[in-house]
Amino acid sequence: MGKLAQREGLGPGGKTGEVIAQTLVEKFPQDVKITKATQNRVFATVNKPAWLNVAAFMKDALDFDHVTAVSGVDWLEEKKMWVVYHITSYANRVTAELIVELPRDQLEIDSISNLWGGANWHERETYDMYGIVFLGHPRMERILTPDGTDYFPYRKDFVGGRRV
Amino acid sequence: MAEKKQKKGKRPRAIMWDPMVVVARETVRHTIHSPNTVLYPWERLVIADGFRGRPGLVLDKCIGCGICKRICPTTCIEMVEIELPGKGKVDRPKLNLGRCMMCGYCAEYCPKNAMLVTPEYELAAYSRKDLIYDPFKLQYEDRPGCEVDIIEVKISEAKSGIIGTNIKTGENIRDYPQADDKKCIGCSKCEKVCPAGAVEMYEKGKNEKGKPIRRPKFDPAKCVSCEQCVDNCPKECISMVEVK
Amino acid sequence: MSLYSFAYGLALWICEVIAWVFNTIGATGIGGWLVTPGVVEFLQIIIVALIVFIVGFLVSITFIWEERKVLGRLMDRRGTQVGFLGLFQNFADGLKAFIKEIIIPKDVDKWVYDAAPVILIGISCFMIGLIPWGPDFYLANLTNGVLLVFAAFSIAPFAILIGGWASNNKYTVMGGMRAAGQLISYEVPLLLSVASVVVLSGSLNFLVIVQQQQDSVWYIFPLIIGFIVFIVALIAEIERIPFDLPEAEAELVEGWMTEYGGMRFGLVMLAEYVRAYVACSIAVLLFLGGWSGPSFIWPEVWFLLKVFLLFAFFIWVRGALLRVTTKQILGIGWKRLMPLALVNLGIAIALRMTGVF
Amino acid sequence: MAEMWLNMGPQHPFTHGLWNLRVKLDGETIVDADPIVGYLHRGWEKLAENRMYPQIIPMADRLCYGASMSWEHLYCNTIENMMELEVPDRAKYIRTIVLEAQRIGSHLMWLAALGTDLGSYTIFLYSVRERELFLDLMQNLCGARMTYNYCRIGGVRNDVPANFERDFDRVLTHFLNRMNDLESLMDRSSVFRLRMEDTGVISGEQARNLGVTGPNLRGSGVEYDVRKDDPYEVYGDLDFRTCFEKEGDSFARYRVRMDEMRESCNIIRQAIKRMPKGPYRLKPPRNAPKGKTGWAHVEDPRGEGFMYVIGNGDDHPYRLKVRSPIFVTVSAAPVMLIGYKIADVPAIMGSVDMCLGETDR
């Protein structure tokens, strides 16, 4: 897309998706696997233990400054859960989709709400709906469901449509 | 505070009485031309012709295929057994207007344009039972502008410059069923069930006991892809072929 | 043919009729006593009071109608449609407020909760009596009418404060506090501009003030600054939109009136419009020369015309401007209105000293 | 004075929708704020998991009823990205026109709500009267006024009505004249400026970190607009200006939205001129392969809307995640509120243009 004009309030940027994918793989060779990388999209999967370092690296070095979404996905049959992060970098106009796999019986992952404040409520909602605990989250509580709900509604084994 | 004021140089200067002047001018204009409000029961707003009020039904066009029942997002349509003079006992849609959100899907996906989108919006009723429209109450005379057509183009021909064929009357654009020979036992249940008469059994040959082997043949032109045959086949051997 | 003489005639006629009845049944003692001037005068006062109050309420109610209609046209919509030209709307509102259930929230300071609306409506109705409409249409011709009206006028914040505090709700307490803060900060410029009028006219009696204005020029021309200060302070006094803090407020729900239901709320709303009527009539009396005008129309009609026009100005301001926050209200009150009021007082004194008036 | 927790609770005139802003007050100044949402939670994403793809479109309308077209389009865009469908050009242009008309309608609804919050019902009625024109345009186009159900996966429901260009042109010229009235009622009224300037300030740095997007972010001086920087539909070929302000207070957010309304008129005019003939609706595939994922993000009138879908092999999605811009902006509300008076709360939250339908999903 060529060198667009310098925009107000944003860094120079200019690193394309492929460059970012490249730097990520070099920095974390055995943790990050790139599935696809285009001009302004990066799709990757990250191992759970290295997740916080990858996130911190992306925030500081690759100036990703906005968490678009944190979504939980429940793979009931394969006994695992995904936590899908979509993080955008305004300057480079790149959005990275990072998938972290969690075993279904041990649902914990490091929270990134200290790096990006925007992820705070997303993580609380994912906890509220799937039961994934985010370690180090300032206020790990339910957000959407009324207090006193002890079940996790969006899990595949929770059958909706009946009086709970 | 002072330097903050300079930074706002770009902002228009604020004058105290400017809104008063504008409001005064508007008041004079509103008293000359009558005000904007429409006195509802006496005056009414002009409705566009494609306006989506409650769904309506043209009984003689309807073949009872049940597509409206399947596509309705809030499942407010049920097929109900009624007695029609010419046709005896047939299934026709019964609509629960209490759940209907007027999305217009039943009229859009109805293959025979029997379900319409009517401009009626005064639907208040005294009890929930009155909101249940049986096929006769659902009727609406067939006025232009009430039908909704789907003019689609196949993905393969997207770039070929065709504007699109009407899915309800065009050919080889609707998906049609096909039977899996091994599982099919030739019970002709699909022929009995098909509302559009697109299925007919044909003799394929003889089996060892000399009785003819009968298999269903689906006619894509007549088929309205309502999947009644797929649902009612005892052996689940019918599957839909997607026209790509 | 002043109001009093008419009332005297009527009272005399009534007494004679009753006296005739008593005489026929033989109780001539009471019949004779009835016709004595003392009783007739007493009945006369009652009749005059009745007429002035009924007319005052009717004008306040037509204020409501006028507000609905003019505000409607201002906002490109029709005003009320109830009854002929929407006039029946007020009675419909009154009836509705009358019928609504009176709900008193739990552990409310009962006595004070009841007292607040009573004080408010009482004071407002008391002020109706003090307003003369014409040279011969008035209830009370007091030598210090202006003083009494403004004394009554300034009791309202007291009622609002205790009302807000008594209804045991965080929002209403805040509403009450704000009302007190706002009304006190606007009392001072208001009275200063009234003082300048009194300085010019030399007397506290409404009739004399209007007479002075008829002889010389209306006080709005020499004291134009005073008039502006008076109008702005008045908007704050009767809590209309730009200074609408204590009453309906986006973050205070209904301000201090939230917990009042049924006829209490109806009375408080009526009190608000009665205060608006009294405020507009004072402004007309003090600055716009009361009932003076070319004589082909009755003076009372001149007075009413000016009052309705002034209220139309208030509605226009309500239609155009937005609500201001407490910080800004107090700022405007003390920083801008106070100096202007003092300057205006200076002008009045100067005019008085140099003998122009 | 002892601090007091005040519930500007679910039923409150200034909350447009159901949410509870618990505010700790020291006198009149706000010391701490704790927004509580979830009163309107319908379990939208679970509902979407047992519906067919076309059936979710009218559901997506009801996410944020103020700007239902942009949510419908976002859903259809997500499914098209997942199934790799190439939407015909005419459909792209119609979608852009309709999205921009919806943006103006949504901003006018916001202006109406802001007007009533600040106490002037005239602004409410003037902006709703202008919005009526855009609703009529939509009614001619797709038969409904608020929840349109107009986008389809692979195009749009029906072609544009007969005198589509003439109607749009008349409405836009009329609207631009009326914009001056609206602005003089607000911009040039010093009472409005008194209330809106220097309230609810959030710096560009904080806004970016807290995930604030859309006009609220551009009000704080960060020039990021998804239509410009990650163009979808035909925004890449149209030239328009991303309007932004530097001060970051409520007035800046207000100014950004007013300029955006004018930009939208400009975009609509360009798009109408360049709209090609041709097909406007594709026949979408019935099923999506299992495990296939797709996502899309658009410039919703309130911020960056985002949807992420995973296919399930049949005609139901396996998982459909919705990111609502206001869900995140509300989490950043305490930063804007602390330090200001309680009388400023309607001005600040009014300038953030809340819509609770999408927040609680």
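Residues numbered from 1 in each chain as written. Chains lettered and ligands numbered in written order. Predicted model: local features only at pLDDT ≥ 70, side-chain atom pairs only at ≥ 80, totals over all residues. Heavy atoms only, no water.

Give a detailed account of the overall build of chain B, specifying residues and quantitative values.
Tallying secondary structure elements over chain B gives 6 helices and 11 strands in all. For chain B, the C-alpha radius of gyration of 28 Å lies well beyond 18 Å, the compact-globule estimate for 244 residues. A principal-axis box enclosing the C-alpha atoms of chain B has dimensions of 100 × 50 × 35 Å. Within chain B, the fraction of its 244 residues that count as buried is 42%. Partitioning the contacts of chain B with sequence separation of at least 6, the portion at a separation of at least 24 is 65%. Approximately 13,800 Å² of chain B is accessible, and the part contributed by carbon and sulfur atoms is 57%. (Helix = DSSP H or I, 4+ residues; strand = E, 2+ residues; numbered from the N terminus. Rg over C-alpha atoms; globule rule 2.2 N^0.38 Å. Buried < 20%, exposed > 50% of the residue type's maximum accessible area, 1.4 Å probe, protein only. Contact = heavy atoms within 4.5 Å. Areas by Shrake-Rupley, 256 points an atom, 1.4 Å probe, with all protein chains shown as cover.)

Tell me about the interface of chain B and chain C, residues and numbers included.
Taken together, the contact between chain B and chain C spans 14 residues of the former and 13 residues of the latter. When chain B packs against chain C, close to 1,300 Å² is buried across both sides, 70% of that on carbon and sulfur atoms. By the criterion of area lost to chain C, the three top residues of chain B are Met20, His30 and Pro35 of chain B, representing 40% of everything that side buries. At the boundary of chain B with chain C, the tally comes to 0 salt bridges. One can count 5 residue pairs in polar contact (both at pLDDT 80 or more) joining chain B with chain C. (Buried area = accessible area lost by both parts, 1.4 Å probe. Salt bridge = Lys/Arg side-chain N within 4 Å of Asp/Glu carboxyl O. Polar contact = N/O pair within 3.5 Å; in protein donor to acceptor, adjacent residues only side chain to side chain.)

Just give me the short version of the pairing of strand E4 (residues 80-89) of chain A, but keep the residues and values in it.
Residue and element names in this part refer to chain A. Within E4, 10 of the 10 residues are buried, which leaves the element mostly enclosed by the surrounding structure. In E4, alternate side chains face the same way, and those of Lys80, Trp82, Val84, His86 and Thr88 on one face and Met81, Val83, Tyr85, Ile87 and Ser89 on the other are all buried. Relative to E4, strand E3 (residues 66-75) runs antiparallel, the two sharing 9 bridges. The partner of Gly72 across the bridge, within E4, is Val83. Where E3 folds back onto E4 in an antiparallel hairpin, the turn is made up of 4 residues, including Lys79, whose phi is positive at roughly 60°. For E4 and strand E5 (residues 94-103), the ladder comprises 10 bridges, and the chain directions are antiparallel. (Pairing = 2+ DSSP bridges.)

Break down the confidence of the model for chain B for me, citing the residues and quoting the values.
Looking at chain B, the pLDDT average stands at 85 and 95% of residues meet or exceed 70. Low pLDDT, under 50, characterises residues 1-9 of chain B; the stretch is placed with 7 contacts to residues that sit more than four places away or in other chains. (pLDDT = per-residue confidence, 0-100.)

How would you explain the interface of chain D and chain A if you had to name every residue and give the values?
With 45 residues of chain D at the contact, the number on the chain A side is 49 residues. Contact between chain D and chain A buries roughly 3,900 Å² in total, counting both sides, with carbon and sulfur atoms accounting for 56%. Of all residues in chain D, Arg208, Trp295 and Tyr318 of chain D bury the most surface against chain A, accounting for 17% of the area lost on that side. Summed over the shared surface of chain D and chain A, the number is 7 salt bridges. Between Arg361 of chain D and Glu125 of chain A there is a salt bridge, with its nearest N and O atoms 2.7 Å apart. Here chain D and chain A share 22 residue pairs in polar contact (both at pLDDT 80 or more) between them.

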